[in-house]
Amino acid sequence: MKLSPLSIPYRALQKASTVLVALFFLGTSGTVDGVVTIGIGVLVAAAALAYETAYYRRFEYECTLDTFDIASGVISRRDREIPYGRIQNVDVSRNVLQRLLGIAAVDLETAGGSSTEGAIRYVAASRATDLQREIRRRKATRADERSAAQEADRRASDLDSADGSKPPVPTEDPETELFTLSPAELALVGALSFDPRLIGLLAFVGSGSVPVLSGFLPSTTAFVVTITGVIALGLLLVASWMVGAAVAITNYYGFRLTRTGDDLRYERGLFKRYSGSIPTDKVQSLTITDNPAKRLAGYATLTIETAGYAPGQGGTYGSQAAVPLARRDRVRELAREIEAFDDPDFRRPPARVRVRYAIRYVAIVVALTAIAFGADRFVAATIPWYVTAALVPVAVIAAHYKWVHRGYWLGENHLLTRVGFWKRKTRVVPYYRIQTLIDARTVFQRRWRIATVVADTAGSSGFIGRDAAALDVDAADADRLRADLSDRLRTALAERRGRGSSNATPTDVTADPERPPVENETGTPDVDRSAGDGEFRWVTDETQSAADAYSSETGSNADVDPDADADRHSDADPDADGNSDDER
Amino acid sequence: MAADPTSDSAAESPPPDPATVTRRLDGRIRVVWILRSVLIAALLAGLTVAIGRFVETPRWLPALVGGLTLALAVPYAIVRYRRWSYAIREDALYLDRGVITRVRTVVPLVRIQHVDSRRGPVERATGLASCVVYTAGSRGADVRIPGLTPEDADDVRETLKRLAIRADGEDAV
């Protein structure tokens, strides 16, 4: 199938526009002769048109039985086949001009790769929706065929249960609406959005203009400076807020989330219309975000992450597939619709860590006060520098909430983590989505005998903040968590693969074999011989003392173990041997 | 490389694999790391000399900068080597490393996408190689085991490949 013929002029215009604009300015400024610029402009436009015509003639896409094929390229040609099963998202976007022309851009995302794997620029708008539906249908058919074949195999091997039921016939599932953003909620989304970029921009511009301005204002009192500063800051905040609101409203105007069979479909946007489909079986993780304002009003945000988006590709507003705002129970319901997780009972970091957070925040306050004091001393204006000291109680409260909000919870099939004292994020990661487990302990964390366990998924971006991380858990807990998660991953994978073919993987995680205590008097590296339980605790002479320091924690900290996981953890109790607290 | 094989594995697992032991890096990796720090120290000292041409600085400053860098980097390289260990078990690849921040990584074999063994110019000069394990994770790409002998690197690669095929994830994403 071909692209829309309208894509030729549109693409040509897109390609040539920068050159044409530059030429226009050159021509009007009079540095270059007008006729020459027009000539060059015509040439550029003609070249762009010719190239795009060739591109159009060469570009072909097709839905075959198993794969989506794209043949493209003018100078270097490329034939690409994307198996339906590998397609993560199908996104359709249309900006204002594209909407006027009735064309749309279709992006097929697969996991991996740094760019969109299947970019179709541009097809007729109706065709784009058809494509989205067609790919979804083909994918479902493929999956059904596969499960039907498995079913047939099972029945052949198990003749007793031949009840003669037919494999399900693939049908077009009805579209059910999951969520629509009401106008009131849209207004609230706007009201709660704040775009800090404006402040950054103004700070950048302003930093250059201050010396200039101060030349014009020869005699001012500190009072006037302070008042002007406060007013300017207020205006800036209001402006930022308005920009943020405008961006958010145009982004989320007419937001709809629907479900068709196993696919989620969203639509949004005022000027630029986005719509996309997300197969629920490709969802990597869910994130529920709120902040004090949202919490007070009982609202939250839900973000759906798939492996399809390359870092930084999700647009300025992060992941495209997000419910911007909904009542908290609604968000939970929606999240459960996608990933069925239980009510979490978060396990917090050990209480001693609160002190650490308080120390850190107070240190920041002290640094701020020192800066203010320095400014007061060495800059002419007198600043009430001691005012910042009033932030100390705030720091303590922040530290408390940081501790309160941090935690992790191991559910039946999901790992839930929570973080953030202001913007609180709850992440839901199915065990079978975990890619690697990383246990990191900085020097400071080792001092407090805590660790951070990160469950890395094939998520959208590699930012540290984006991964599900159990932050600052007790060191001994971290050891167990790591082992537990790796066990649960294997179990979940085995379950997903079907019981028939999974005898190679242990399915019972709770049966934790007795781990022999590690003896290590000799200087030779000693292997902890419990490879079966997945515990990552081999010991060498030099790590022995550190390991002791980690494990010594459980004894003193048994009381912060109130949750249901206690029984699971109790038989994985680390060696209660002599400890050396040389770590502290 | 002294380590004994895990003798008591789970009942259904095959006979103990020589690969399922804790391993250390080859000692020569220290040389590589120390040489690298020497290079960095030289660069920093050179930079200080260059700055000294424009700004008035004490004559001993380059030596101090270079010496300080070396004094920090050489013990760091040695401790780094002492802290590095890895193990290939039947379920996952385990890495334990890091001086300032201790990092332990568990890479389930099911998740391995592909494995490279590599030999850069410095590694070839010292007769070493490294092995890079890729997963689909957003941070998986830097699972790299440096300081292996070429045979070891190939061995690790083959073992991981074999175990990963056996673990066989249906859809690694």
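Calculation criteria
Residues numbered from 1 in each chain as written. Chains lettered and ligands numbered in written order. Predicted model: local features only at pLDDT ≥ 70, side-chain atom pairs only at ≥ 80, totals over all residues. Heavy atoms only, no water. Helix = DSSP H or I, 4+ residues; strand = E, 2+ residues; numbered from the N terminus. Buried < 20%, exposed > 50% of the residue type's maximum accessible area, 1.4 Å probe, protein only. Contact = heavy atoms within 4.5 Å. Patch = residues over 30% accessible without salt bridge, like charges linked within 9 Å, V, L, I, M, F, W, Y side chains within 5 Å. Areas by Shrake-Rupley, 256 points an atom, 1.4 Å probe, with all protein chains shown as cover. Salt bridge = Lys/Arg side-chain N within 4 Å of Asp/Glu carboxyl O. UniProt positions renumbered as here; feature names shortened; annotations may be inferred. Arc of directions from axis to C-beta. Axes fitted to C-alpha atoms, helices over the stretch in contact; angles between N-to-C directions. Left-handed = near helix turned anticlockwise from the far one by under 90°. Nonpolar A, V, L, I, M, F, W, Y, C, P; charged D, E, K, R; others polar. Core = buried A, V, L, I, M, F, W, Y, C linked by side-chain atoms within 4.5 Å. Polar contact = N/O pair within 3.5 Å; in protein donor to acceptor, adjacent residues only side chain to side chain. Pairing = 2+ DSSP bridges. pLDDT = per-residue confidence, 0-100. Phe/Tyr/Trp six-rings, centres within 6.5 Å; stacked < 30°, edge-to-face > 60°. Lys NZ or Arg CZ within 6 Å of the ring centre and 35° of its normal. Expected span 1.5 Å × (residues − 1). Parallel < 35°, antiparallel > 145°, perpendicular 65-115°, else oblique.

## As for the overall build of chain A
The helix and strand tally for chain A stands at 16 helices and 19 strands. Counting the 584 residues in chain A, one finds 45% classified as buried. Across chain A, the fraction of contacts at a sequence separation of at least 24, relative to all contacts at a separation of at least 6, is 61%.

## Section: a nonpolar patch on the surface
A surface patch of nonpolar side chains, about 640 Å² in accessible area, is lined by L6(A), L13(A), V96(A), L97(A), L100(A), L101(A) and F271(A). A total of four residues in the nonpolar patch trace back to one element, the largest contributor, which is helix 3 (residues 96-101) of chain A.

## Quick notes on the UniProt feature "transmembrane region" (unreviewed entry) in chain B
Residue and element names in this part refer to chain B. When the UniProt feature table is mapped to this numbering, "transmembrane region" (unreviewed entry) covers residues 33-54 and 60-79. Helix makes up 100% of residues 33-54 and strand 0%, with an end-to-end C-alpha separation of 32 Å. Within residues 60-79, the helical portion is 95% and the strand portion 0%, while the C-alpha atoms at the span's ends are 29 Å from each other.

## So, helix 5 (residues 183-191) of chain A
The set of residues buried in helix 5 of chain A consists of E185(A), L186(A), V189(A) and G190(A). Projected onto a plane normal to the axis of helix 5 of chain A, the buried residues spread over an arc of 145° and lie on a single side.

## Observations concerning the packing of helix 10 (residues 353-378) of chain A against helix 11 (residues 391-405) of chain A
A pair of packed helices is characterised by two quantities: the angle between their axes and the separation of those axes. All names here are of chain A. In the contact formed by helix 10 and helix 11, the axes pass within 8 Å of each other and the chain directions differ by 150°. The way helix 10 lies across helix 11 gives a crossing that is right-handed. Between helix 10, through R354, Y357, A358, Y361, V362, V365 and L368, and helix 11, the contact on the second element is made entirely by L391, V392, A395, A398, A399, H400, K402 and W403. Residue composition of the contact of helix 10 with helix 11, by class: twelve nonpolar, one polar and two charged.

## Points about the UniProt feature "transmembrane region" (unreviewed entry) in chain A
All names here are of chain A. Cross-referencing UniProt, the feature "transmembrane region" (unreviewed entry) maps to residues 34-51, 198-217, 223-249, 357-375 and 381-401 in the present numbering. Summarising residues 223-249: 100% helix, 0% strand, and an end-to-end C-alpha distance of 39 Å. Secondary structure content for residues 357-375 is 100% helix and 0% strand, and the end C-alpha separation is 27 Å.

## Things to note about the nonpolar core
Counting 53 residues, the largest nonpolar core has L485(A), L93(B), I145(B) and L160(B) as its most contacted members. If we ignore the near neighbours within four places in the chain, the residues touching L160(B) are I88(B), L93(B), L109(B), I112(B), V115(B) and V133(B). Residues V189(A), I288(A), W409(A) and V428(A) belong to the second largest nonpolar core, which totals 33 residues.

## Concerning the side chain of S7(A)
Residue and element names in this part refer to chain A. If you trace the backbone, S7 turns up in helix 1 (residues 7-29). Since its relative accessible area comes to 1%, S7 is described here as buried. Only 2.6 Å separates the side chain of S7 from the backbone oxygen of S4, close enough to count as a polar contact. Those residues in contact with S7 that lie beyond four places of it in its chain are A12, Y56, R121 and Y122.

## Describing the sheet that holds strand 13 (residues 322-327) of chain A
Residues and elements named next belong to chain A. Spatially, 13-12-11-16-15-14 is the arrangement adopted by the six strands of the open sheet, whose pairing is antiparallel. Where the open sheet ends on each side, the last strands, each with one partner, are strand 13 and strand 14 (407-410). Going across the sheet, the axis of each strand differs from the next one's by a mean of 20°, ignoring polarity. Strand direction decides the pairing type here: strand 14 and strand 15 (residues 414-419), joined by four bridges, are antiparallel.

## Description of the side chain of S72(A)
Residue and element names in this part refer to chain A. Its place among the elements puts S72 in strand 2 (residues 67-72). Overall, the relative accessible area of 6% leaves S72 in the buried class. Once residues within four sequence positions are removed from consideration, S72 is found in contact with R58, F59, R77 and R78.

## A closer look at the pattern of salt bridges
Per the counting criterion, the structure on display carries 38 salt bridges over all chains. One salt bridge in this structure joins R482(A) and D479(A), with 3.2 Å as the shortest N-O distance. Taken together, the residues R482(A) and D479(A), both in helix 13 (residues 475-497) and three residues apart, mark about one turn of the helix. Notably, a salt bridge pairs R104(B) with D96(B), separated by 3.8 Å at the nearest N-O pair. The pair formed by R104(B) and D96(B) is uniform in burial state, with each residue classed as buried. Sharing partners across several salt bridges, the network here consists of D439(A), R441(A), D479(A), R482(A), R83(B), D96(B) and R104(B).

## Observations regarding the confidence of the model for chain A
Low pLDDT means the predicted coordinates in that region are not meant to be read closely. Residues and elements named next belong to chain A. Averaged over all residues, the pLDDT of chain A is 75; the fraction at 70 or higher stands at 71%. When the criterion is pLDDT under 50, residues 159-170 qualifies, and its contacts beyond four places in sequence or with other chains add up to six contacts. A low-confidence stretch, residues 310-319 (pLDDT under 50), is modelled with 23 contacts involving residues beyond four sequence positions or located in other chains.

## Considerations on the packing of aromatic side chains
Two descriptors summarise a pair of aromatic rings, namely the distance from one centre to the other and the angle between the planes of the rings. All names here are of chain A. Summed over the entire model, instances satisfying the criterion amount to seven aromatic pairs over all chains. With 5.7 Å between their ring centres and 75° between their planes, F24 and F25 make a pair best called edge-to-face. Of the two residues, F24 and F25, both sit in the exposed class. A connected cluster of aromatic rings, assembled from ring pairs, spans F179, Y252 and F255. Directly above the aromatic system of F341 lies the positively charged group of R336, at a separation of 5.1 Å from the ring centroid.

## Examining the confidence of the model for chain B
Confidence in the prediction of chain B, expressed as mean pLDDT, is 80, and 82% of residues score 70 or more. Confidence over residues 1-16 of chain B falls short of pLDDT 50; this stretch has 22 contacts with residues more than four positions distant or in other chains.

## Let's talk about the pairing of strand 15 of chain A
All names here are of chain A. Of all six residues making up strand 15, five are buried, and the element is well covered by its neighbours. Joining the antiparallel neighbours strand 14 and strand 15 is a turn of three residues. Here strand 15 pairs with strand 16 (residues 424-430) via six bridges, running antiparallel. Each bridged residue has a counterpart across the sheet, and for V419 the counterpart in strand 16 is K425. Here strand 15 folds back onto strand 16, and the loop between the two strands holds four residues, one of which, G420, carries a positive phi near 105°.

## Overview of helix 2 (residues 34-58) of chain A
It helps to recall that an α-helix has 3.6 residues per turn; residues three or four apart then point in one direction. Taking 1.5 Å per residue, 25 residues should reach 36 Å; helix 2 of chain A reaches 36 Å between its end C-alpha atoms and fits that length. Buried residues along helix 2 of chain A sit in contact with helix 1 and strand 6 (118-124) of chain A.

## Points about the environment of R99(A)
All names here are of chain A. For R99, the location among the structural elements is in helix 3. Among the residues examined, R99 registers a relative accessible area of 34% and is labelled partly exposed. Measuring from C-alpha to C-alpha, the distance between R99 and K272 comes to 8.2 Å, with 173 residues separating the pair along the chain. Residues within four places of R99 in sequence aside, it is in contact with R94, L270, F271, K272 and R273. For R99, the side chain forms a polar contact with the main-chain oxygen of L270, separated by 2.6 Å.

## Some words on the sheet that holds strand 2 (residues 85-88) of chain B
With antiparallel pairing, the seven strands of this open sheet are ordered in space as 19(A)-18(A)-17(A)-4(B)-3(B)-2(B)-1(B). The outermost strands of the open sheet, each flanked by one partner alone, are strand 19 (468-474) of chain A together with strand 1 (22-24) of chain B. Within the sheet, the average angular offset between the axes of one strand and its neighbour, ignoring direction, is 15°. Alignment of strand 17 (residues 434-441) of chain A against strand 18 (residues 450-457) of chain A, held across six bridges, turns out to be antiparallel. Counted as the bridge partner of I434(A) is T457(A) from strand 18 of chain A. Packed onto the sheet, helix 13 of chain A meets strand 17, strand 18 and strand 19 of chain A together with strand 3 (92-97) and strand 4 (102-108) of chain B and runs at close to 170° relative to strand 17 of chain A.

## Focus on the packing of helix 1 of chain A against helix 2 of chain A
All names here are of chain A. Close contact between helix 1 and helix 2 brings their axes to 8 Å; oriented N to C, the two are set at 160°. The angle between helix 1 and helix 2 places the two elements in the roughly antiparallel class. Here helix 1 runs over helix 2; the crossing is right-handed. Together, S7, I8, P9, R11, A12, K15, A16, V19, L20, L23, L26 and G27 of helix 1 and T37, I40, G41, V44, A48, L49, Y51, E52, T53, Y55 and Y56 of helix 2 make up the contact between the two elements. Looking at side-chain class alone, the contact of helix 1 with helix 2 contains 15 nonpolar, five polar and three charged residues.

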